[in-house]
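Commentary on secondary and tertiary structure
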Amino acid sequence: MARQKLLAAEQARAAAIDEKMARDPAFGRMHLGAWDFFQADPGAKPGETCTAVWMKQGELVTISGPGPDYDGGMLTFSSNDIPHPADMQTITVTMKQSRYPAQTVKAVNYTTPGQAFGAISLTVRDIDKAIDTMLDVEQFEILIDGKRLSDIGWSGGNGARDRLRECVHPG
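Residues numbered from 1 in each chain as written. Predicted model: local features only at pLDDT ≥ 70, side-chain atom pairs only at ≥ 80, totals over all residues. Heavy atoms only, no water.

**Considerations on the sheet that holds strand β3 (residues 59-65)**
- Strand order in the open sheet formed by nine strands is β1-β2-β3-β4-β7-β6-β5-β8-β9, with antiparallel pairing between adjacent strands. Each edge of the sheet is formed by a strand with only one pairing partner; in this case those strands are β1 (34-39) and β9 (147-154). Here the strands of the sheet are splayed against their neighbours by 25° on average, with no regard to which way each runs.
- Sheet analysis places strand β4 (residues 73-79) next to strand β7 (residues 118-124), joined by seven bridges and oriented antiparallel. Following the sheet pairing, F77 is matched in β7 by I120. (Pairing = 2+ DSSP bridges. Helix = DSSP H or I, 4+ residues; strand = E, 2+ residues; numbered from the N terminus. Axes fitted to C-alpha atoms, helices over the stretch in contact; angles between N-to-C directions.)

Here it is, written out as structure tokens:
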């Protein structure tokens, strides 16, 4: 009997999500996962501040760069589960990624301006190498002291890789 109640509750939850996706395409994109592409600084020169963002169920992973004074880029994870410090701070995180060994690195933790999200950004030394290593299907985990703060994966990475490369190297 308890299993039937749990199943009925899950079916009702799924139906509510389906109804909301039908009424609100933006919710549907965010729930199922979607890419967005733009230049973070509208006044940037071609090839600068290129940004690819994967959004899914309240979590974001962003690949961006290069900047006007930096040839590399940033890999940023944002969600409500990531700490929201009052001031930007440097922290140590462990990143697990689909086919690569876990890496423990220094990162910047901050509160996303104008958002209720915390963010963790990792420096990417070479934006071209970062773009080249993008997989079509990717999974990331971000941990602090063994506690998982972000667990996000994307699909459609091959198309995102091509769009990001096209922005970084226009023409």
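**Looking at the packing of aromatic side chains**
- This model, assessed by the stated rule, comprises five aromatic pairs.
- Pairwise contacts between aromatic rings join W35, F37, W54, F77, F140 and W154 into one cluster. (Phe/Tyr/Trp six-rings, centres within 6.5 Å; stacked < 30°, edge-to-face > 60°.)

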